[in-house]
Amino acid sequence: LVFVSSPAAGAEERYRLVSQAGRLRLSFDAVDTVTNFSTLYQVLLAAKVTKVLLVTSPYHMPRAEAIASIMLGAGDISFEPKPVPDGLTVPVEPSWKTWRDSLRSWIWRCTGMDFRFLAGNLKNFGWRFAALGAAISAAFIWAACCLRPRFFKLRKYISLVGARNGEADDI
């Protein structure tokens, strides 16, 4: 099978032979590199894929590899980098993008949140929305990491107290 995330215009024609063989899966759900992986992850698991050829331009490959190792590693899916021959080698992507997307990948791996809504809107609204989005994202992360465990501990405590007092435990 051939899975293509965020294909450029004309993908159907470029992959016509694979499509005619019934082996092509195009996904237009992703808005950036992190969501390329997060939107296809469940599809890859359902298809019982164990190895992926990671194809992208040479300048983008280091960031794509960093993200793939985190996100595909969650499902024990290995990958082999295959830079596009004669693909762009410049400009070199700044290392902060790799760090940023690695952090987002770990957040996805731990919480399931890929911030697709935020990434898509950043492209449309720019840095002002980024500041608001960062605050919203921080709130989501705080809630997922801090409140949820406390909530479950509180429920467990309420359940234990109720059981001690002879009340039915219906939680």
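Here the structure is a predicted model, which means the values were calculated and not measured.

Draft legend 1. Focus on the overall build of the protein. Looking only at helices and strands, the protein features seven helices and four strands. Helices (α) and strands (β) of the protein occur, in sequence order from the N terminus, as β-α-α-β-α-β-α-β-α-α-α. In the protein, which comprises 171 residues, the share counted as buried stands at 30%. Taking the intrachain contacts of the protein between residues at least 6 apart in sequence as the baseline, contacts between residues at least 24 apart amount to 64%. Carbon together with sulfur atoms contributes 61% to the accessible area of the protein, which is approximately 11,300 Å² in total.

Draft legend 2. Geometry of the packing of aromatic side chains. Counted by the stated rule, this structure contains one aromatic pair. When the ring of Tyr-41 is compared with that of Trp-108, the centres are 5.0 Å apart and the planes differ by 80 degrees; the resulting orientation is edge-to-face. Here Tyr-41, found in helix H3 (residues 33-46), pairs with Trp-108, found in helix H5 (residues 95-111); they are 67 residues apart in sequence, far enough to count as distant. A single burial state applies to Tyr-41 and to Trp-108, both of which are buried.

Draft legend 3. Geometry of the pattern of salt bridges. Tallied over the full model, the rule gives eight salt bridges. The shortest N-O distance in the salt bridge between Arg-16 and Glu-13 comes to 3.0 Å. Take Arg-16: its relative accessible area is 40%, and that puts it in the partly exposed class. Among the salt bridges present, the one from Lys-51 reaches Glu-80, with a minimum N-O distance of 3.1 Å.

Draft legend 4. Fine view of the nonpolar core. Of all hydrophobic cores here, the largest spans 17 residues; its most connected members are Phe-37, Leu-44, Val-52, Leu-54, Met-71 and Leu-72. When neighbours within four sequence positions are excluded, Phe-37 is seen to be in contact with Leu-54, Ala-64, Ile-67, Ala-68, Met-71 and Leu-72.

Draft legend 5. Structural view of a nonpolar patch on the surface. A surface patch of nonpolar side chains, about 260 Å² in accessible area, is lined by Leu-53, Val-55 and Val-84. Residue placement: Leu-53 occurs in strand S3 (residues 51-56). Taking relative accessible area as the criterion, Leu-53 reaches 52% and is therefore assigned exposed.

Draft legend 6. Region of interest: the packing of helix H4 (residues 61-71) against H5. One way to put it is that H4 packs onto H5 with a least axis distance of 9 Å and a crossing angle of 15 degrees. In terms of orientation, H4 lies roughly parallel with respect to H5. The chirality of how H4 crosses H5 is right-handed. Counting all contacts with H4, which are made through Arg-63, Ala-66, Ile-67, Ser-69, Ile-70 and Met-71, the residues of H5 involved are Lys-97, Thr-98, Arg-100, Asp-101, Ser-102, Ser-105, Trp-106, Trp-108 and Arg-109. Split into classes, the residues belonging to the contact of H4 with H5 amount to six nonpolar, four polar and five charged.

Draft legend 7. How the structure looks around the environment of Val-55. Checked against the element boundaries, Val-55 lands in strand S3. Taking C-alpha positions, Val-55 is 10.0 Å from Phe-79, a pair spaced 24 residues apart along the chain. Setting aside anything within four residues of it in sequence, one finds Val-55 in contact with Lys-82 and Val-84.

Basis of the calculations
- Residues numbered from 1 in each chain as written.
- Predicted model: local features only at pLDDT ≥ 70, side-chain atom pairs only at ≥ 80, totals over all residues.
- Heavy atoms only, no water.
- Helix = DSSP H or I, 4+ residues; strand = E, 2+ residues; numbered from the N terminus.
- Buried < 20%, exposed > 50% of the residue type's maximum accessible area, 1.4 Å probe, protein only.
- Contact = heavy atoms within 4.5 Å.
- Areas by Shrake-Rupley, 256 points an atom, 1.4 Å probe, with all protein chains shown as cover.
- Phe/Tyr/Trp six-rings, centres within 6.5 Å; stacked < 30°, edge-to-face > 60°.
- Salt bridge = Lys/Arg side-chain N within 4 Å of Asp/Glu carboxyl O.
- Core = buried A, V, L, I, M, F, W, Y, C linked by side-chain atoms within 4.5 Å.
- Patch = residues over 30% accessible without salt bridge, like charges linked within 9 Å, V, L, I, M, F, W, Y side chains within 5 Å.
- Axes fitted to C-alpha atoms, helices over the stretch in contact; angles between N-to-C directions.
- Parallel < 35°, antiparallel > 145°, perpendicular 65-115°, else oblique.
- Left-handed = near helix turned anticlockwise from the far one by under 90°.
- Nonpolar A, V, L, I, M, F, W, Y, C, P; charged D, E, K, R; others polar.

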